[in-house]
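Structural characterization, general
Here's the letter readout for the chains.
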Amino acid sequence: MNIPELSTALSSANIANKVSIAVLDKAMESSQAAGESLISMMDRSMELSVNPAVGSNFDLYV
């Protein structure tokens with residue numbers, strides 16, 4: 001085997017692995033942020049379901 005070709009192939013494989021890991025890291029961060037926002041949204045909806053009259057009605061006089 002030709003040493004320069006082998007070196008290039010290994011370098012390309014190493015770069016491809018690093019890119020794949022970076023993309024997966026971004027996907028995990030995005031999923032974590034979406035999960036946290038879903039949890040906070042559920043917490044707010046649970047507060048409204050426990051106190052359904054709070055903040056749902058208001059009087060308007062014109």
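A short tour of the structure in this document, coming up. Since we're looking at a predicted model, the values are computed, not measured.

Secondary structure summary: the chain contains one helix and zero strands in total. Each of the 62 residues in the chain was classed as buried or not, and the buried ones make up 0%. Carbon and sulfur atoms form 66% of the exposed surface of the chain, whose accessible area is close to 5900 Å².

It is worth spelling out a nonpolar patch on the surface at this point. A cluster of nonpolar side chains, Ile15, Val19 and Val23, forms an exposed patch at the surface whose accessible area comes to about 280 Å². The exposure class assigned to Val23 is exposed, which follows from its relative accessible area of 53%.

Rules used in this analysis
- Residues numbered from 1 in each chain as written.
- Predicted model: local features only at pLDDT ≥ 70, side-chain atom pairs only at ≥ 80, totals over all residues.
- Heavy atoms only, no water.
- Helix = DSSP H or I, 4+ residues; strand = E, 2+ residues; numbered from the N terminus.
- Buried < 20%, exposed > 50% of the residue type's maximum accessible area, 1.4 Å probe, protein only.
- Areas by Shrake-Rupley, 256 points an atom, 1.4 Å probe, with all protein chains shown as cover.
- Patch = residues over 30% accessible without salt bridge, like charges linked within 9 Å, V, L, I, M, F, W, Y side chains within 5 Å.
- Salt bridge = Lys/Arg side-chain N within 4 Å of Asp/Glu carboxyl O.

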